[in-house]
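Breakdown of the fold
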Amino acid sequence: MMEPEEIVSKIQAAIADAQVRVVDLTGTRDHFEATVISPSFDGLMPIKRHRMVYAALAEEMKGPIHALALKTLTPDEWDAQ
């Protein structure tokens, strides 16, 4: 099982300019939703953005993380919401 803060740290280590918010969806510390906002996503299709995040959590996705819902946005996309 993982804590949301651990996931935030892993993503920020891989995507240094990212703002990350992680929510435990079930209280079981294995189903999460992550919102990742980064200028690094500018010009990238959603699949590329998701791959960047999944790469940061490759080991965790094999075990402690069972499900991860992702929202990946640029700062402009976030502001437009």
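Anyway, here's the lowdown on the structure attached to this text. (Residues numbered from 1 in each chain as written. Predicted model: local features only at pLDDT ≥ 70, side-chain atom pairs only at ≥ 80, totals over all residues. Heavy atoms only, no water.)

**Points about the overall build of the protein**
- Across its full length, the protein holds four helices and three strands.
- Reading the protein from its N terminus to its C terminus gives the helix and strand order α-β-β-α-α-β-α.
- On C-alpha atoms alone, the protein measures out to a radius of gyration of 12 Å, which is about the 12 Å that the 2.2 N^0.38 rule sets for 81 residues.
- Dimensions of the protein, computed from C-alpha atoms along their principal axes, come out at roughly 35 × 25 × 20 Å.
- Here the protein holds 81 residues, and the buried ones make up 33% of them.
- Contacts spanning at least 24 positions in sequence make up 55% of the contacts within the protein whose residues lie at least 6 apart.
- Surface summary for the protein: the accessible area is close to 4,900 Å², and the carbon and sulfur share equals 53%.
- Looking at the protein, you have 8 positive and 13 negative side-chain charges, and the mean spots of the two groups are 6 Å apart. (Helix = DSSP H or I, 4+ residues; strand = E, 2+ residues; numbered from the N terminus. Rg over C-alpha atoms; globule rule 2.2 N^0.38 Å. Buried < 20%, exposed > 50% of the residue type's maximum accessible area, 1.4 Å probe, protein only. Contact = heavy atoms within 4.5 Å. Areas by Shrake-Rupley, 256 points an atom, 1.4 Å probe, with all protein chains shown as cover. Lys, Arg positive; Asp, Glu negative; His and termini not counted. Charge placed at Lys NZ, Arg CZ, Asp CG, Glu CD.)

**A closer look at the nonpolar core**
- With 17 residues, the main nonpolar core has Ile7, Ile11, Val36 and Val53 as its most contacted residues.
- Among the secondary structure elements, those contributing two or more residues to this core are helix H1 (4-14), strand E1 (19-24), strand E2 (31-37) and strand E3 (67-73).
- What Ile7 contacts, discounting residues up to four positions off in sequence, is Met2, Val22, Phe32, Leu57 and Ile65. (Core = buried A, V, L, I, M, F, W, Y, C linked by side-chain atoms within 4.5 Å.)

**Quick word on helix H2 (residues 46-56)**
- Taken residue by residue, H2 has Arg49, Val53 and Ala56 as its buried positions. Taken down its axis, H2 places every buried residue within 55 degrees of arc, on the same side. Residues Arg51 and Ala55 are exposed on H2 and point more than 90 degrees away from its buried face.
- Contacts made by the buried residues of H2 are with H1, E2, helix H3 (58-61), E3 and helix H4 (75-80). (Arc of directions from axis to C-beta.)

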